[in-house]
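Secondary and tertiary structure notes
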Amino acid sequence: MAAASSSLSKNRFLCSICLDVFTDPVSTPCGHNFCKKCITQHWNINVPYQCPNCKKIFYTRPELQVNTFVSEMVSHFRQSAQQRASSSEQQAAEPGDVPCDVCTGPKVKALKSCLVCLVSYCETHLEPHLTASGLKRHQLIDPVENLEGRMCMKHDKLLELFCKTDQMCLCMLCTVLDHKSHDVVPLKEEYERKKSKLGKTGAEIQQMIKERRLKIQGFQRSVSISRKNADREIANSNHVFTELKEAIERNQAKLIKTAEEKHRMTEKQAEGFIKELEQEISELKKRSDELEQLSRSEDHLNLVQKFPSLDAAPPTKNWTQVKICPPSYEGTVRTTVDQLVEMLKNEMKKLLTKFELKIVQQYAVDVTLDPDTANPQLILSEDGKQVHDGTVWKDLPETPKRFSHGLCVLGKQFVSSGKFYFEVQVKGKTKWALGVARESVNRKGLFSVSLKNGYWTIRLNNENIYHAPTESLVLLSQKSKPEKVGVFVDYDEGLVSFYDVDAAALIYTYTGCSFTEKLHPVFSPFANQDGKNSAPLIICPVNYT
């Protein structure tokens, strides 16, 4: 029912049972008003008969009288509410809207279109279709333009059927005259079918949109990763070339310093000779002046007496063989450049190894020790990150997984494809062995930790680092003992590499390996040696270089 502009005026016409505006209002003997249907249903259920408002009880069912005054007031209220609604709530038709065909003044936006009347109605003019029993049977749809286009052009009848044979809309006469043997269904049925198909098509399109948006996100992530990688490479190149530039500048400064030192030595030697020669020249000039003065003297006795002392030249150095040989600078630049090239090769090797280590560290795995594989003499920390020789054989269950003789323990994690990296602190130890091993390695009795038996390891024996490609050990050239070792596996490429993490140097690489099963990290702290080798092997978190 239409709403009033004031809650006070509306409340005067509300039924206390349904709480809506009265419909067919009737009065009870006690003077209260209700919808006829509401009070009738109420008394059908509740006996004895009682007024819902004042609670007065009637022992016989009262006759209900139509309240003419209230009916007229309700009718007047409804008309007023409809007028207010039509004047204040209905929207004027805008471009793109379907206008009401009945409005004589400014066109109001249509609320529904009637397929029987072929007319579009606003809310006000639609009222008869909602209340009149004859019009209620008309088919109403959302407002559409060109209602004439919904009529059969040939028979001037409503298009309400669909020919699946010819894929076209029909009226009733079309099916009798032109499409008698065709597959014809109600238009609503075809509508539901096509609507369902549209729903599926819409869902497929939404899925395509979703997939493409995900693809866009993937491209954007790739661009973002590319940007980060490019920035990292630029930063790395800046670092590399800055170090190379500094190395070149240092060597150039060294060359300049050497050349300047050679020149200063030559200059200092020449300055000493020149000073000595100038002093002799001064003495000779002095003697020359004395001789000239004596030669002008007419004192016979004086000349004869002084002649012996002035006749001989003053003592001087024999400069005949004295020479200054300018130092040779020939080949200095070439030697310096050769040294620089060699130095750059070494620096480049170090830098490349450093960046290689930085890359493999990205594949770091959080490795923990597997106590079920540990030799009974080994002591493992509670967090599974440390192991050392306890010197005492513990009474542990003998299982196929446990090493019975070798002081070894495997890691729980494994690699069966892709890349794998972990780091182990070996500081303070005199002997140790590290690497990876096949899951099926022999764990019972005596055996050698070698490539042949499924181990890819390196080991420290006192001061020397070895690897074991065969039954015999091969010494590796290592300038210093590492304190932290990184182990990297590229399963698909058949490669196992070992790094000195602190020095960012490559220790050794197994290449051309053929892996056919899971590889587990393997650790051997070796025997305690009366405390000389008591330090544990410690699996460390990776601190990216």
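Residues numbered from 1 in each chain as written. Predicted model: local features only at pLDDT ≥ 70, side-chain atom pairs only at ≥ 80, totals over all residues. Heavy atoms only, no water.

Before going further, it helps to spend a moment on a nonpolar patch on the surface. A cluster of nonpolar side chains, Leu173, Val176 and Leu177, forms an exposed patch at the surface whose accessible area comes to about 270 Å². With respect to the helices and strands, the residue Val176 is situated in helix H5 (residues 172–177). (Patch = residues over 30% accessible without salt bridge, like charges linked within 9 Å, V, L, I, M, F, W, Y side chains within 5 Å. Areas by Shrake-Rupley, 256 points an atom, 1.4 Å probe, with all protein chains shown as cover. Salt bridge = Lys/Arg side-chain N within 4 Å of Asp/Glu carboxyl O. Helix = DSSP H or I, 4+ residues; strand = E, 2+ residues; numbered from the N terminus.)

Looking now at the sheet that holds strand S5 (residues 65–66). Spatially, S2-S1-S5 is the arrangement adopted by the three strands of the open sheet, whose pairing is antiparallel. The open sheet has two edge strands with one neighbour each: strand S2 (33–35) and S5. For strand S1 (residues 25–27) and S5, the ladder comprises two bridges, and the chain directions are antiparallel. Bridging across to S5, Val26 finds its partner in Val66. (Pairing = 2+ DSSP bridges.)

Right, let's get into the packing of helix H6 (residues 187–295) against helix H8 (residues 332–360). Relative orientation of the contacting elements H6 and H8 amounts to 155°, with a least axis distance of 10 Å. Considering their axes alone, H6 and H8 lie roughly antiparallel with respect to each other. Between H6 and H8 lies a crossing whose hand is right-handed. Touching Arg232, Asn236, His239, Val240, Glu243, Leu244, Ala247, Ile248, Asn251, Leu255 and Lys262 of H6 are Thr332, Val333, Thr336, Leu340, Met343, Leu344, Glu347, Met348, Leu351, Lys354, Phe355 and Lys358, all from H8. Tallied by class, residues from the contact of H6 with H8 come to 12 nonpolar, five polar and six charged. (Axes fitted to C-alpha atoms, helices over the stretch in contact; angles between N-to-C directions. Parallel < 35°, antiparallel > 145°, perpendicular 65-115°, else oblique. Left-handed = near helix turned anticlockwise from the far one by under 90°. Contact = heavy atoms within 4.5 Å. Nonpolar A, V, L, I, M, F, W, Y, C, P; charged D, E, K, R; others polar.)

This paragraph deals with the sheet that holds strand S11 (residues 184–186). On the basis of which strands lie adjacent, the open sheet formed by three strands has the order S10-S9-S11 and antiparallel pairing. Two strands lie at the open edges of the sheet, namely strand S10 (168–170) and S11, each paired on one side alone. Here the average twist between neighbouring strands, direction ignored, is 35°. By the bridge criterion, three bridges tie strand S9 (residues 161–163) to S10 in an arrangement that is antiparallel. For Leu161, the partnering residue across the bridge sits in S10 and is Leu170. Across the sheet, H6 is in contact with S9, S10 and S11; its angle to S11 comes to roughly 85°.

Packed helix pairs are characterised by how far apart their axes lie and by the angle those axes make with each other. The N-to-C vectors of H6 and helix H7 (residues 300–311) enclose an angle of 160°; their axes lie 11 Å apart at closest approach. It follows that H6 is roughly antiparallel to H7 by the angle criterion. As for how H6 packs across H7, the hand of that crossing is left-handed. Where H6 abuts H7, its residues Arg287, Glu290, Leu291 and Leu294 lie against Asn302, Leu303, Lys306, Phe307, Ser309 and Leu310. Classifying every residue of the contact of H6 with H7 gives five nonpolar, two polar and three charged.

What follows concerns the environment of Lys419. Mapped onto the fold, Lys419 is located in strand S15 (residues 419–425). A C-alpha to C-alpha distance of 7.4 Å links Lys419 and Phe488, two positions 69 residues apart in sequence. Non-local contacts of Lys419, meaning those with residues more than four positions away in its chain, are made with Tyr363, Phe488, Val489 and Asp490.

Glancing now at the pattern of salt bridges. If charged atoms from side chains of opposite charge come close, those side chains can pair. Under the criterion given, the structure shown has 13 salt bridges. For the salt bridge of Lys194 with Glu190, the shortest nitrogen-to-oxygen distance reads 2.3 Å. In this pair, Lys194 and Glu190 both sit in helix H6, four residues apart, roughly one turn of the helix. Judged by its relative accessible area of 34%, Lys194 falls in the partly exposed class. Take Glu190: its relative accessible area is 3%, and that puts it in the buried class. Put simply, Lys317 and Glu276 hold a salt bridge, and the shortest N to O gap is 3.8 Å. Of this pair, Lys317 sits in the loop between H7 and H8 while Glu276 sits in helix H6, and the two are 41 residues apart along the sequence. Overall, the relative accessible area of 34% leaves Lys317 in the partly exposed class. Relative accessible area serves as the criterion here: at 30%, Glu276 is assigned to the partly exposed category. (Buried < 20%, exposed > 50% of the residue type's maximum accessible area, 1.4 Å probe, protein only.)

Attention now goes to the packing of aromatic side chains. What the rule picks out here adds up to 10 aromatic pairs. Taking the centre distance of 5.1 Å and the plane angle of 80° together, the rings of Trp456 and Phe515 count as edge-to-face. Residue Trp456 is located in strand S17 (residues 455–461), and its partner Phe515 is located in the loop between strand S22 (505–510) and strand S23 (519–524); the two are separated by 59 residues in the primary sequence. A single burial state applies to Trp456 and to Phe515, both of which are buried. Centre to centre, the rings of Tyr491 and Phe515 are 5.3 Å apart; their planes meet at 35°, and the pair counts as tilted. Here Tyr491, found in the loop between strand S20 (484–490) and strand S21 (495–500), pairs with Phe515, found in the loop between S22 and S23; they are 24 residues apart in sequence, far enough to count as distant. Phe515 matches Tyr491 in its accessibility class, with the two residues each being buried. Sitting above the plane of the Trp319 ring, Lys317 keeps its charged end 4.6 Å from the centroid. (Phe/Tyr/Trp six-rings, centres within 6.5 Å; stacked < 30°, edge-to-face > 60°. Lys NZ or Arg CZ within 6 Å of the ring centre and 35° of its normal.)

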